[in-house]
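# Residue-level structural notes
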Amino acid sequence: MSQLPTYIVTGGAGFVGSNLIASIYKREPGARVIVIDDFSSGSFANIVEAHARARLPPFSGEMLASSCDEIDWDSLLEESAPLAVFHLAAITDTTVVDERRMIEQNTESFRPILGACLQSATRLVYASSAATYGTPPQAAERTPFPLEAAGRPNNVYGFSKWLMECEHHAASEAHRQDSGQSPWVVGLRYFNVFGPGESRKGKMASMAHQLFTQIRSGQRPRLFKDGLQARDQVHVDDVVACTMCAAGLGERKRPSPGVFNVGSGRATTFLDMAERVRSGLGLSRDDLPVEFYEMPASVRAFYQDYTCADLTETDSGLGFVPRIDPLEGIEAYARALGASQRCV
Ligand SMILES: NC(=O)c1ccc[n+]([C@@H]2O[C@H](COP(=O)([O-])OP(=O)(O)OC[C@H]3O[C@@H](n4cnc5c(N)ncnc54)[C@H](O)[C@@H]3O)[C@@H](O)[C@H]2O)c1
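The structure presented is a predicted model; accordingly, all values stated were derived computationally and were not measured.

## As for the overall build of the protein chain
- On a plain count of helices and strands, the protein chain comes out with 13 helices and 12 strands.
- Taking 20 Å as the expected radius of gyration for a compact globule of 344 residues, we find that the protein chain reaches 20 Å, a close match to that expectation.
- Overall, the C-alpha framework of the protein chain stretches about 60 × 45 × 35 Å when taken along its three principal axes.
- For the protein chain, the residues scored as buried account for 47% of the 344 residues in total.
- The long-range fraction of contacts in the protein chain, counting pairs at least 24 apart against all pairs at least 6 apart in sequence, stands at 82%.

Structure follows, in structure tokens:
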């Protein structure tokens, strides 16, 4: 058995998960890493490529090709005694409208993981989402979203993540009443994540990647009129660093449990993003100018015009502050994508 800790990463064949695995190995080369993924949206290639980008030896961890709801979590945690479980597996296609499937896969399969982690005192970090906010009053005011503004999501994906947080709060409270201690469970509301490793996400890839794909293929980038819709775009390296911090693998050895925002703390307009992608590809302002089109009324009703993470508690609770300026990160990403033979 390895002297170094064991980690379990669900959704490890996905975009964030594959980058997280590489980051764990970079930090602790001899660690035991158990990946659980049903390959519904992920691929082995994400893991291979994340290792290559991090200049690591080939992946040699363990892979359970299973859905999270097929795992006996109590037995797995007893057998492997992980230091932390990172639960990132989810249906990530926010346009899925099968509500039963979304809630079964994202929320119900979380319950046994949460229960087993509480029972065995294993650290648990799970992915929630900025989709839990829907369109809070702060969106109209164009001010950062404080944690308490969430809970009225616009789609069932956001609702499934909100329900995970509700399960977390209820189980933590019960645990606190029984034992007098808060369990080490951290939910992270990721905002719009971009960066290497997302090329297999198709229509769910970040706006930065979609703008790159359009411009690179010689098309004018298309944006809803007037391109001033703004989102909190956060680089995957910052997301991974925060996820590690939440498990006590950052500078702070005992971060606070709870739910936190993970973003850049800045709202970036789509128009500015298109400019930076163009500039990353070495094009001038006049090359392939943005083409604007009207937002359909059906989209308008649920559209998030503005998102921005309030990071006050992320800093105080987890000791995490993002390092990558989103526009600089997008420009560098477009440059790297443009320079590579294939999309990374
Ligand atoms: N990327 C973003 O912008 C973003 C924003 C907010 C929240 N999140 C959340 O972060 C997490 C990671 O997202 P991502 O962008 O890497 O998505 P992704 O689709 O690339 O990765 C998800 C992974 O989970 C796997 N998976 C799905 N359902 C599973 C199940 N039931 N059992 C086992 N494996 C399963 C998929 O095959 C895939 O490898 C997700 O929980 C997502 O909801 C992501």
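On we go.
## Focus: the environment of arginine 285
- Structurally, arginine 285 is set in the loop between helix H10 (270–280) and strand S12 (291–293).
- With 245 residues separating them in the primary sequence, arginine 285 and serine 40 have C-alpha atoms 39 Å apart.

## Observations regarding helix H4 (residues 99–108)
- Every buried residue of H4 is accounted for by Met102, Gln105 and Asn106. Mapping the buried residues of H4 onto a view down its axis gives an arc of 85°, with all of them on the same face.
- On its buried side, H4 packs onto helix H5 (110–120) and helix H7 (156–179).

## Topic: the site of the ligand
- Near the ligand there are 29 residues, and of these Gly11, Gly14, Gly42, Ala89 and Ala90 occur at the shortest range.
- Looking at the shell around the ligand element by element, the count peaks at 3 residues for helix H1 (residues 15–27).
- The residue makeup of the shell around the ligand, split by class, is 13 nonpolar, 13 polar and 3 charged.

## What to know about unusual backbone geometry
- Aspartate 226 follows lysine 225 through a cis peptide bond whose omega is -10°.
- You can see aspartate 226 is positioned in the loop between strand S8 (222–224) and strand S9 (230–235).
- Residues other than glycine seldom take positive phi values, yet phenylalanine 39 does so here, at roughly 60°.
- Summarising the element assignment, phenylalanine 39 is placed in the loop between strand S2 (32–36) and helix H2 (44–53).
- By C-beta crowding, phenylalanine 39 is classed as partly exposed, having 13 other C-beta atoms within 10 Å.
- A positive phi angle, near 45°, is found at leucine 288, a position not held by glycine.
- Positionally, leucine 288 belongs in the loop between H10 and S12.
- Here leucine 288 falls in the partly exposed class, since 18 other C-beta atoms lie within 10 Å of it.

## Regarding the sheet that holds strand S7 (residues 192–194)
- One open sheet accounts for 3 strands, arranged S7-S9-S11; its pairing is mixed. Each edge of the sheet is formed by a strand with only one pairing partner; in this case those strands are S7 and strand S11 (267–269). Ignoring which end each strand starts from, the neighbouring axes of this sheet average 55° apart.
- Where S7 meets S9, 3 bridges bridge the pair, whose relative direction is parallel. Residue valine 193 lies in a different strand from S9, and its bridge partner there is valine 234.
- The strands touched by helix H9 (residues 236–246) are S7 and S9; relative to S9, the strand with the most contacts, the crossing angle is about 70°.
- Helix H13 (residues 326–339) contacts S7, S9 and S11 of the sheet and is inclined by roughly 65° relative to S9.

What counts, and where the lines are drawn
Here the residue numbering is sequential within each chain, running from 1 through the sequence in written order. Totals for whole chains, interfaces and linings use all residues, but because this is a predicted model, local features are given only for residues with pLDDT of at least 70 and pairs of side-chain atoms are given and counted only at 80 or more. Under the DSSP-based scheme used, a helix requires at least four consecutive residues in state H or I and a strand at least two consecutive residues in state E, with every element numbered from the N terminus. To get the radius of gyration, use the C-alpha atoms; to get the globule rule, take the number of residues to the power 0.38 and multiply by 2.2 Å. Note on burial: count the other C-beta atoms lying within 10 Å of the residue's C-beta; 20 or more is buried, 12 or fewer is exposed, in between is partly exposed, and C-beta positions come from the backbone. We call two residues in contact when the distance between their C-beta atoms, placed using the backbone, is within 7 Å. When we speak of the arc, we mean the arc of directions from the helix axis to the C-beta atoms. Nearness rests on one distance test: the residue's C-beta atom, set from the backbone, must lie within 6 Å of the molecule or strand. Any residue outside Ala, Val, Leu, Ile, Met, Phe, Trp, Tyr, Cys, Pro, Asp, Glu, Lys and Arg is labelled polar, Gly included; the first ten of those are nonpolar and the last four are charged. A pair of strands is labelled paired if DSSP reports no fewer than 2 bridges between them. Fitting a line to C-alpha atoms yields each axis, with helices limited to the stretch in contact; the angle taken between N-to-C directions then spans 0 to 180 degrees.

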